[in-house]
Amino acid sequence: VILTIFGVLMVYDASVAEAFRDFSDKLFYARLQARWAIVGIIAMLVSARLPLSLIRKLALPFFALTLILLAAVLIPGIGEEVQGARRWINLGGLTIQPSELVKLSFVLYLATWLEKRQKIWPFLFISTVILGLVMAQPDLGTSVVVLTTGIIMYFISGAPLMILGLTTAAGILGTVGLIMLSPYRLKRLQTFFDPTIDPLGSSYHIRQILLALGSGGWLGVGIGRSRQKYQYLPEAATDSIFAVMAEEIGFLGAAAIILLFVILIYRGFAIARRAPTAYTQLLAGGLTAWIGVQIFIN
């Protein structure tokens, strides 16, 4: 609840300039975030009361539907292309991103499938199909989240450490290969390790983030007083929101937010550890792993 409320407030804070520039409405992004927060809370209350047997029955049809949508998004006329990426489907005013849905459906399906400790080859086949469809968009970040979540769930299911190690190594090598084969991904990796490269080009974003983090100091410049959010930070309300937050509430405030996320992940895995059946352990562990991996990457 604390993270959700604080998240809505920070989206408003970080997006004021961008929202006013693009929509002449300072509350545009905050209103969207609040609306989806309310939808999420309602969905949580409803799903918490659904019998697990129903969730288990719906896992395969839901997973199959998301795979169909992942394929459909690649078809011209169905999938929308934005800035060179084809990741969205417009359904009469409602835009959905199938790669986000597959993160949930994959966890729900794997929980039912791994309950009986399945062999590694079918697991790798399923994962490869998903990764192939997601990388065709292209979306390396989602691919890493899906693969890492799947590996963690396979570990929770009781997989031998040898197989787990080999699978993890293969995943890392595959990710490195995809980065090396793509000039723009390689450039992003290089600027991550050396932000001085091309300060007005490829490393502009990370340099502005570092300026925001450094400006915050220990205690921050104060809520609402970030300078970097005023057109200096690209995508201030999304990709760069943590930088805006750290500038305003400082190192100690940002560390407190990270601590809340750590507590959330810890509690999720504690619930998984106490779960009475293999299925519920995998379900709780997989959902927690999905959230935790995304937090770590961001």
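See the structure above.
The rules we used
- Residues numbered from 1 in each chain as written.
- Predicted model: local features only at pLDDT ≥ 70, side-chain atom pairs only at ≥ 80, totals over all residues.
- Heavy atoms only, no water.
- Salt bridge = Lys/Arg side-chain N within 4 Å of Asp/Glu carboxyl O.
- Buried < 20%, exposed > 50% of the residue type's maximum accessible area, 1.4 Å probe, protein only.
- Helix = DSSP H or I, 4+ residues; strand = E, 2+ residues; numbered from the N terminus.
- Axes fitted to C-alpha atoms, helices over the stretch in contact; angles between N-to-C directions.
- Parallel < 35°, antiparallel > 145°, perpendicular 65-115°, else oblique.
- Contact = heavy atoms within 4.5 Å.
- Nonpolar A, V, L, I, M, F, W, Y, C, P; charged D, E, K, R; others polar.
- Phe/Tyr/Trp six-rings, centres within 6.5 Å; stacked < 30°, edge-to-face > 60°.

Section: the pattern of salt bridges
Reasoning step 1: The final tally for this structure, using the stated rule, is 6 salt bridges.
Reasoning step 2: Measuring nitrogen to oxygen at the nearest pair gives 2.8 Å for the salt bridge that ties aspartate 22 to arginine 21.
Reasoning step 3: By relative accessible area, which is 39% here, aspartate 22 ends up partly exposed.
Reasoning step 4: The partner of glutamate 248 in a salt bridge is lysine 229, with the nearest N and O atoms 3.4 Å apart. Placement of the pair is glutamate 248 in helix α10 (residues 241-274) and lysine 229 in the loop between α9 (204-216) and α10, with a sequence separation of 19 residues.

Description of the packing of helix α4 (residues 98-113) against helix α6 (residues 140-156)
Reasoning step 1: Orientation of α4 relative to α6, taken along the N-to-C sense of each, is 10°, at an axis distance of 10 Å. Judged on the interaxial angle alone, α6 and α4 are roughly parallel. Between α4 and α6, the contacting residues are Ser99, Glu100, Val102, Lys103, Phe106, Val107, Leu110 and Ala111 on the first element and Thr142, Val145, Val146, Thr149, Gly150 and Met153 on the second.
Reasoning step 2: Tallied by class, residues from the contact of α4 with α6 come to 8 nonpolar, 4 polar and 2 charged.

Comments concerning the side chain of serine 105
Reasoning step 1: For serine 105, the position within the fold is in helix α4.
Reasoning step 2: On the basis of relative accessible area, serine 105 is assigned to the buried category, the value being 0%.
Reasoning step 3: Residue contacts for serine 105: discarding those within four places in its chain leaves Phe62, Phe63 and Thr66.

Side note on the packing of aromatic side chains
Reasoning step 1: Applying the stated criterion across every chain yields a total of 7 aromatic pairs.
Reasoning step 2: With centroids separated by 4.8 Å and ring planes inclined at 25°, the aromatic side chains of phenylalanine 123 and tyrosine 154 adopt a geometry described as stacked. Remark: tyrosine 154 occurs in helix α6 and phenylalanine 123 occurs in helix α5 (residues 120-135); sequence separation between them is 31 residues. Like tyrosine 154, phenylalanine 123 is buried.
Reasoning step 3: One aromatic cluster is present, built from ring pairs that chain together Phe23, Phe28 and Tyr29.

Digging into unusual backbone geometry
Reasoning step 1: Of note in the backbone geometry, serine 24 takes a positive phi value of approximately 55° without being a glycine.
Reasoning step 2: For serine 24, the location among the structural elements is in the loop between α1 (2-23) and α2 (28-48).

Take it as geometry only, folks, not as evidence of what the structure does.
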